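Geometric and topological summary
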Amino acid sequence: MSIDSDAPGFDPHMLEALICPHSYGRLEYDAEAQELVSKKAGLAFPIRNGIPVMLLDEARRLD
């Protein structure tokens, strides 16, 4: 997998201000998958071009 050096990255400091829109719980950053994970809700939210997409319709259910 190639990473575009000009693409903006996710700033992990954003985790201090973000919460899960479903459970209102804490999120964890999965750098490899480029997702924010809410274990409490069982959802993973994608990060696209360095921006977290915090929409329930875009979230992936955790197995």
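Here's a quick rundown of the structure. Keep in mind it's a predicted model, so treat the numbers as computed, not measured.

**With respect to the overall build of the chain**
In terms of regular secondary structure, the chain is built from zero helices and five strands. Element order for the chain, N to C, with α for helix and β for strand: β-β-β-β-β. In the chain, buried positions account for 32% of the 63 residues. If you take every contact in the chain between residues at least 6 apart in sequence, the share linking residues at least 24 apart comes to 22%. Total accessible area on the chain stands at roughly 4,700 Å², and carbon and sulfur atoms take up 51% of it.

**A look at the pairing of strand 3 (residues 43–48)**
In terms of burial, strand 3 is a largely internal element, five of the six residues being buried. Relative to strand 3, strand 2 (residues 35–38) runs antiparallel, the two sharing four bridges. Following the sheet pairing, glutamate 35 is matched in strand 3 by proline 46. Connecting strand 2 to the next strand, strand 3, in antiparallel fashion are four residues, including glycine 42 with a positive phi near 70 degrees. Examined bridge by bridge, strand 3 and strand 5 (residues 60–61) share two bridges and lie antiparallel to one another.

Parameters and conventions
Residues numbered from 1 in each chain as written. Predicted model: local features only at pLDDT ≥ 70, side-chain atom pairs only at ≥ 80, totals over all residues. Heavy atoms only, no water. Helix = DSSP H or I, 4+ residues; strand = E, 2+ residues; numbered from the N terminus. Buried < 20%, exposed > 50% of the residue type's maximum accessible area, 1.4 Å probe, protein only. Contact = heavy atoms within 4.5 Å. Areas by Shrake-Rupley, 256 points an atom, 1.4 Å probe, with all protein chains shown as cover. Pairing = 2+ DSSP bridges.

Any functional reading would require information that these geometric values do not contain.
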